[in-house]
Amino acid sequence: MLKDIIAVEPRENYQLHIRFEDDVEGIIDISKIVKFTGVFAPLQDKEYFATVCVNPEYGTIQWESGADLDPDVIYALITKEPIPQYQLSAVSANSAD
């Protein structure tokens, strides 16, 4: 994992202000990166969407429904830097099982 998320603040229109442990911060629009189906369906309700919180054990954000997002992906979106190749290789190797 690159960096843990340490703070999240819901904003309007499915946006979240996120801060990482290295003080990198930014705003992401969740509606542009997830489909509101399955575990993400409850997030369509903006009041429910605003209940987002940090899961310090996993260093990411989550909702009570069990929906969460990969902090590496969020970090890459905010910094506009790609996820390191070694992580992509590990994911590919694990998905072959």
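Sequence order as written defines the numbering, with residues in each chain counted from 1. Local features in this predicted model are restricted to residues of pLDDT 70 or higher, and side-chain atom pairs are both shown and tallied only at a pLDDT of 80 or more, whereas totals for entire chains, interfaces and linings draw on every residue. Values shown for side chains rest on all heavy atoms present in the structure; no hydrogens or waters enter the calculation.

1. Looking at the nonpolar core
Among the nonpolar cores identified, the biggest contains 22 residues, and Leu16, Ile18, Ile30, Leu43, Ile61, Trp63 and Ile74 are the most heavily contacted of them. Where helices and strands are cited, they refer to DSSP runs of H or I of at least four residues and of E of at least two residues respectively, numbered from the N terminus. Elements supplying a minimum of two residues to this core: β1 (5–10), β2 (15–20), α1 (46–49) and α2 (71–79). Those residues in contact with Ile74 that sit more than four places away from it in its chain are Ile5, Ile18, Phe20, Ile28, Ile61 and Leu69. Only buried residues count toward a nonpolar core, which is a set of Ala, Val, Leu, Ile, Met, Phe, Trp, Tyr and Cys residues joined through side-chain atoms within 4.5 Å. In this scheme, a residue with accessible area under 20% of its type's maximum is buried, one over 50% is exposed, and one in between is partly exposed, where area comes from a 1.4 Å probe on protein chains only. By the convention used here, residues are in contact when the closest approach between their heavy atoms is within 4.5 Å.

2. Quick word on unusual backbone geometry
At Asn13, a residue that is not glycine, the phi angle is positive and equals roughly 55°. Mapped onto the fold, Asn13 is located in the loop between β1 and β2. Exposure remark for Asn13: the relative accessible area of 48% places this residue in the partly exposed category.

3. Remarks on the pattern of salt bridges
The salt bridge definition used is simple: a Lys or Arg side-chain nitrogen within 4 Å of an Asp or Glu carboxyl oxygen. Applying the stated rule across the entire model yields 1 salt bridge. Here Arg11 ties to Glu9 by a salt bridge, and the two come within 3.1 Å at their closest N and O atoms. Accessibility expressed as a relative area gives 39% for Glu9, which makes it partly exposed.

4. Considering the sheet that holds strand β3 (residues 25–29)
Read from one edge of the open sheet, 3 strands run β1-β2-β3, paired in antiparallel fashion. The open sheet has two edge strands with one neighbour each: β1 and β3. Looking at each pair of strands side by side, their axes are set apart by 25° on average, direction ignored. For two strands to be treated as a pair, DSSP must find no fewer than two bridges joining them. Bridge count for β2 against β3 is 5 bridges, and the pairing is antiparallel. Along β3, the bridge assignment pairs His17 with Ile27. To define axes, lines are fitted to C-alpha atoms, for helices over the stretch in contact only, and angles between the resulting N-to-C directions are given on a 0 to 180 degree scale.

5. Comments concerning the side chain of Asp29
Positionally, Asp29 belongs in strand β3. In this structure, Asp29 is buried with no salt-bridge partner, the nearest side chain bearing the opposite charge being Lys32 at 4.3 Å. We call two N or O atoms a polar contact when they sit within 3.5 Å, provided that within protein one can donate a hydrogen and the other can accept it, with sequence-adjacent residues counted only if both atoms are side-chain atoms. A distance of 2.5 Å separates a polar atom in the side chain of Asp29 from a polar atom in the side chain of Ser31. Once residues lying within four places of it in the same chain are set aside, the contact partners of Asp29 are Asn13, Tyr14 and Gln15. Within this scheme the basic residues Lys and Arg register as positive and the acidic residues Asp and Glu register as negative, but His and the chain ends are omitted.

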